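# Commentary on secondary and tertiary structure
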Amino acid sequence: MTMPPSPTIPMAGPWVTQSEVDMVTDAMTRGWYDQPYYYVETFQREFAAWHGRKHALMTPNCTTALHLLLTGLGIGEGDEVIVPDCTWIGSTAAISYLRATPVFCDINKDNWCLDPGAVRRAITPRTKAIIAVDLFGNMADWDALTDIAESHQLWLVEDAAESLGSTYRGRRAGSFGVGAVFSFHRTKTLTTGEGGMLLLDDDALYERCAMWRDHGRKPGGQTYFNYEVTYKYMPFNVQAALGLGQFRRIDELVARKRWIFEQYRARLGDIDGLQWNAEPPHVFNSIWTTALVLDPKWGLDKPTLIAELAKLDVPARPFFYPLSSLPAYGSMGERYQSINPVAYDVSNRGVNLSCAMNLSEAQIDHICDGIRRVLAV
């Protein structure tokens, strides 16, 4: 398999072939008049079917997909939504948009996803929903989370932005909860540049989210007739053409991500005290990005590790910061360190390695040599 070379080692990037270029060209040349949403509708239909879902709605990005879903579920002021403390802010921003309150919970030390025990302790009479994130391709404990949601009559939402292609007990990421969302950002396994998808099964919820996606117009309804003042979160045909072309190569794209992960582990697997993306027997991990968490024995936190690797021209990004520690949520790290100790501990010792689809073996060698030099092994 030959990938285009890069003069420097990029952190992330897609793999686009002539097949996708041809689809985009077709959308550009023919997709404006008779079938202006042909590629959107085809991509939605095939994506939903692959995940065993009834409905799909493409959106400008994953954050808007989640905003649509929470709006459709009626989340609003005074409500609480339980979320993992370690994730990208896109998982939680929509809660604040709707004037609800995110409740930050600890993560599991093995899979880095929402800890069911922490969820149980966080439930109050104001709790309306749980958002669980399949972090870096890892899969959350969906059996336990589903039991909790059902026993407390809470909405369970799957943020599968980073886990396209992963499975949990044979079920694809994106098939859990009342709805699931995906990201097609330029850094993701499947890209549309920017883009997202909402997957649903409930017909009434789908119809409501579809209306809220397009200025309060009902699909197939009267022209220029608006039922409510809503968002404008419509995708466009050219964007969807790229997504459809990428999706029809999904097995190849996931295999490439797996290959990158396996190359890292083959070169560094003999070093004790390195924790990688979790893949227990009941999980297939599509490895959106390879994450590396150092054992405390190395005495290195993530800023130091990133800085030392940078001196060797090795790129690395930080493990997600605990959201509760960020200025966006009040810089409450001092308070939350005792509440969510695993999130703070793992985040402090974790980095993401390059997950660019065009990585060469020579570049992976360079990255792994750099890690060995920093660790002096």
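First things first, this report covers the structure right here in the doc.

## Digging into the overall build of the protein
Looking only at helices and strands, the protein has 13 helices and 14 strands in total. Taken against the 2.2 N^0.38 rule, which gives 21 Å for 377 residues, the C-alpha radius of gyration of the protein at 21 Å falls within 12% of a compact globule. Dimensions of the protein along its principal axes, counting C-alpha atoms only, are 70 × 55 × 35 Å. Across the 377 residues that make up the protein, the buried fraction comes to 58%. Sequence-distant contacts, at least 24 apart, represent 70% of the contacts inside the protein between residues at least 6 apart. Carbon together with sulfur atoms contributes 52% to the accessible area of the protein, which is approximately 16200 Å² in total. With 35 positive and 43 negative side-chain charges, the protein shows a separation of 2 Å between the mean positions of the two kinds.

## Topic: the packing of aromatic side chains
Considering all chains together, one arrives at 22 aromatic pairs under this definition. When the centroid spacing of 5.2 Å and the interplanar angle of 85° are considered together, the rings of F136 and F319 count as edge-to-face. Placement of F136 in the loop between strand 4 (127–133) and helix 6 (142–151) and of F319 in the loop between strand 13 (317–318) and helix 11 (333–339) is noted, with a sequence separation of 183 residues between them. Judged by its relative accessible area of 0%, F136 is buried. With a relative accessible area of 0%, F319 lands in the buried category. Here the aromatic cluster, defined as three or more aromatic residues joined through ring pairs, consists of F43, F47, W50, F182, F184 and F247. Positioned over the ring face of W50 is R172, at 3.6 Å from the centre of the ring. Its guanidinium or amino end placed over the ring of Y321, K302 lies 3.7 Å from that ring's centre, counting from NZ or CZ.

## Considering the nonpolar core
If you look at the biggest cluster of nonpolar residues, it comprises 61 residues, and the most contacted ones within it are F43, F47, I82, W112, I130, W142 and M197. Sequence-distant contacts of W142, that is, excluding residues within four places in its chain, are made with A132, D134, L156, V157, E158, Y168 and F176. Core analysis: the second largest hydrophobic core is formed by 35 residues, A129, C209, Y233 and L323 among them.

## Some details on the sheet that holds strand 11 (residues 283–284)
The sheet built from 3 strands is open, its strands ordered 7-6-11 with antiparallel pairing. Edge positions in the open sheet fall to strand 7 (171–172) and strand 11, since each of these has one partner strand only.

## Some remarks on the sheet that holds strand 12 (residues 291–294)
Strand order in this open sheet of 4 strands is 10-12-14-13, and the pairing throughout is antiparallel. Unpaired on one side and paired on the other, strand 10 (274–275) and strand 13 mark the two borders of the sheet. Looking at chain direction, strand 12 and strand 14 (residues 350–352) are connected through 3 bridges and run antiparallel. Bridge assignment links V293 to a residue of strand 14, and that residue is G350. Sitting on the sheet, helix 10 (residues 302–310) touches strand 12, strand 13 and strand 14, and the angle it makes with strand 14 is about 40°. Contacts between helix 12 (residues 341–349) and the sheet are confined to strand 12 and strand 14, with strand 14 contributing the most and set at about 55° to the helix.

## Re the packing of helix 10 against helix 13 (residues 361–375)
Running from N to C, helix 10 and helix 13 point in directions that differ by 120°, and their axes come no closer than 10 Å. As judged from the angle between their axes, helix 10 and helix 13 are oblique. For the element pair helix 10 and helix 13, the recorded crossing hand is right-handed. Across the interface between the two elements, L305, E308 and L309 from helix 10 touch G370, I371 and V374 from helix 13.

## Structural notes on the environment of A12
As for its position among the elements, A12 is in the segment before helix 1 (18–30). For A12, a relative accessible area of 16% translates into the label buried. Taking the C-alpha atoms as reference points, A12 and L359, separated by 347 residues in sequence, lie 9.1 Å from one another. Every residue in contact with A12, bar those within four places of it in the chain, is listed here: R186, T187, C355 and A356.

## Details of unusual backbone geometry
Positioned with a positive phi, R169 is a non-glycine residue whose angle comes to about 50°. Inspection of the secondary structure puts R169 in the loop between strand 6 (167–168) and strand 7. A positive phi angle is found at Y224, which is not glycine, with a value near 60°. Its place among the elements puts Y224 in the loop between helix 7 (203–213) and helix 8 (237–247).

Each value, and the rule that gives it
- Residues numbered from 1 in each chain as written.
- Predicted model: local features only at pLDDT ≥ 70, side-chain atom pairs only at ≥ 80, totals over all residues.
- Heavy atoms only, no water.
- Helix = DSSP H or I, 4+ residues; strand = E, 2+ residues; numbered from the N terminus.
- Rg over C-alpha atoms; globule rule 2.2 N^0.38 Å.
- Buried < 20%, exposed > 50% of the residue type's maximum accessible area, 1.4 Å probe, protein only.
- Contact = heavy atoms within 4.5 Å.
- Areas by Shrake-Rupley, 256 points an atom, 1.4 Å probe, with all protein chains shown as cover.
- Lys, Arg positive; Asp, Glu negative; His and termini not counted.
- Charge placed at Lys NZ, Arg CZ, Asp CG, Glu CD.
- Phe/Tyr/Trp six-rings, centres within 6.5 Å; stacked < 30°, edge-to-face > 60°.
- Lys NZ or Arg CZ within 6 Å of the ring centre and 35° of its normal.
- Core = buried A, V, L, I, M, F, W, Y, C linked by side-chain atoms within 4.5 Å.
- Pairing = 2+ DSSP bridges.
- Axes fitted to C-alpha atoms, helices over the stretch in contact; angles between N-to-C directions.
- Parallel < 35°, antiparallel > 145°, perpendicular 65-115°, else oblique.
- Left-handed = near helix turned anticlockwise from the far one by under 90°.

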